[in-house]
Amino acid sequence: MPAEIDVAIIGAGVIGLATAREIAQRGKEVFVFEKNRTFGLETSSRNSEVIHAGIYYPEDSLKAKLCVEGKNLLYELCSKHNITYRKSGKIVVAVDESDIDWLEQLYEQGRRNGVDDLVLLSQVEVKKLEPNIEARAGLLSPSSGIFDSHSLLKFLYDQAREEGAAFVFGTEVIGIERAGTKYKVLIKDRDGTSAFIAHIVVNCAGLNSDRIAQLAGIDIVKAGYRLHYCKGEYFSLNSKYRNIVRKLIYPTPDQAGHGIHWRQALDGRVLLGPSARYVEAIDYAVDETHKQHFYDSAKKFLPFVALEDLAPESAGIRPKLQGPGEPFRDFVIAHEEKAGFPSLINLVGIESPGLTAALAIARYVGKMMS
Ligand SMILES: Cc1cc2nc3c(=O)[nH]c(=O)nc-3n(C[C@H](O)[C@H](O)[C@H](O)COP(=O)(O)OP(=O)(O)OC[C@H]3O[C@@H](n4cnc5c(N)ncnc54)[C@H](O)[C@@H]3O)c2cc1C
């Protein structure tokens with residue numbers, strides 16, 4: 001490890017990996033520091049693997065723009081490099097009359113965001129596409145799909161390395177001090193602590209990204225960077241449910257998430273989730289007592305589901321900028337020069353659709369540096 005490097009990226013989730021690849025391709029020297037033993041062990045491997053169309057977010061938000069751009073880049077990359085995906089399409093369903101207005105708003109929002117293939121469906125049209133689901137109406141999003149996110153992570157890692165990026169695993173960033181226009185970065189690994197100088201620091205630390213910004217000297221309360229953890233659990237359905245419904249089926253979204261949805265994974269497993277519950281600590285255990293809640297949510301549009309067929313599966317945690325009941329917050333992707341921190345780029349609150357948007361986020365960060 002040299003005493004002085006060009007770019008230090010903190011975190012090797014999908015955002016750190018995609019950013020490392022992008023910056024290395026632009027000819028810079030890049031080191032990625034990851035506290036875990038390898039890449040992609042946190043939120044990037046604990047999600048729905050859905051390629052979102054970009055319909056949920058206010059127009060001109062980074063979430064909307066980078067989701068739509070990222071979706072196209074992701075499909076292109078998956079096709080070109082044989083990463084498995086299925087452009088299954090998705091239906092957002094209205095389970096009662098009051099949801100229909102919501103669907104119409106979602107349709108308009110999607111169109112404003114540049115998603116121009118959306119189709120509003122009547123009750124009969126929903127039945128024609130998916131005979132086994134129950135809905136008063138639907139919104140079809142043909143460009144939504146699922147993909148093999150683990151293969152994407154591996155691909156980005158391999159490509160970043162081919163482009164010259166170096167990965168330092170089992171190494172936690174524990175301090176960031178200003179050294180003129182550069183930064184002295186303190187790291188801890190199993191041999192102890194050490195430090196190096198980085199010309200540019202890029203914070204892709206996911207659930208820790210607010211704390212990393214704070215370590216660098218940002219007042220995270222004033223900046224609005226404090227994260228709230230919002231847990232999403234999944235339950236699986238047994239194998240008799242395979243191929244009953246082929247598309248992704250979502251209810252109208254709730255405040256903290258996209259709602260508990262139906263998804264048949266690429267390996268055939270059928271999953272319900274994620275739920276959305278604010279928590280204080282990171283804990284990935286699935287609480288079996290939440291089964292009834294999953295059943296009650298799913299039953300509204302998946303009438304064939306039986307309570308005894310649900311089993312706890314997995315969980316992930318959203319790094320949310322908005323606390324319970326608070327309004328929409330966008331991704332923070334900020335060059336902190338104006339805040340008095342030259343050469344520091346913070347990515348905070350990269351929750352859904354972060355996986356879909358990853359390639360576009362990396363491009364956005366790459367442009368910030370040039
Ligand atoms: C339940 C759930 C479902 C989701 N579903 C979808 C979906 O279907 N589609 C979609 O587009 N998005 C989805 N998302 C969002 C998506 O998963 C995230 O936006 C994305 O994975 C974030 O990637 P990341 O690299 O920022 O974070 P992470 O994957 O968490 O990576 C951050 C990395 O930083 C490392 N790190 C942290 N602190 C330090 C430190 N001090 N030193 C060194 N390393 C450090 C961590 O160990 C970690 O590896 C979902 C999220 C959740 C929780």
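The structure we're discussing is the one just above.
(A) How the structure looks around the pairing of strand S5 (residues 90-94). In terms of residue burial, S5 counts as a mostly covered element, since five of its five residues are buried. Burial of the side chains of S5 extends over both faces: Lys 90, Val 92 and Ala 94 are buried on one face and Ile 91 and Val 93 on the other. Taken together, the five bridges between S5 and strand S7 (residues 137-141) define a ladder with antiparallel strand orientation. Bridge pairing in S7 links Ile 91 to Leu 140.

(B) Structural context of the packing of helix H1 (residues 14-25) against helix H5 (residues 149-162). With their axes 8 Å apart at the nearest point, H1 and H5 run at an angle of 30° to one another. Compared by their axis directions, H1 and H5 come out roughly parallel. For the element pair H1 and H5, the recorded crossing hand is left-handed. Contact residues: H1 offers Val 14, Leu 17, Ala 18, Ala 20, Arg 21, Ala 24 and Gln 25, while H5 offers Leu 152, Leu 153, Phe 155, Leu 156, Tyr 157, Gln 159 and Ala 160. Residue composition of the contact of H1 with H5, by class: eleven nonpolar, two polar and one charged.

(C) Quick look at the pattern of salt bridges. Following the criterion strictly, the structure yields 13 salt bridges and no others. When the shortest N-O distance is used, the salt bridge between Asp 267 and Arg 269 registers 2.9 Å. A salt bridge links Lys 320 to Glu 351, with the shortest nitrogen-to-oxygen separation between them at 2.7 Å. Taken together, the positions of Lys 320 in strand S18 (residues 310-320) and Glu 351 in the loop between strand S20 (344-348) and helix H9 (354-369) put the pair 31 residues apart, joining distant regions of the chain. Each member of the pair Lys 320 and Glu 351 is classed as buried. Residues participating in the shared-partner salt-bridge network are Lys 63, Lys 320 and Glu 351.

Reading the values: the criteria
- Residues numbered from 1 in each chain as written.
- Predicted model: local features only at pLDDT ≥ 70, side-chain atom pairs only at ≥ 80, totals over all residues.
- Heavy atoms only, no water.
- Buried < 20%, exposed > 50% of the residue type's maximum accessible area, 1.4 Å probe, protein only.
- Helix = DSSP H or I, 4+ residues; strand = E, 2+ residues; numbered from the N terminus.
- Pairing = 2+ DSSP bridges.
- Axes fitted to C-alpha atoms, helices over the stretch in contact; angles between N-to-C directions.
- Parallel < 35°, antiparallel > 145°, perpendicular 65-115°, else oblique.
- Left-handed = near helix turned anticlockwise from the far one by under 90°.
- Contact = heavy atoms within 4.5 Å.
- Nonpolar A, V, L, I, M, F, W, Y, C, P; charged D, E, K, R; others polar.
- Salt bridge = Lys/Arg side-chain N within 4 Å of Asp/Glu carboxyl O.

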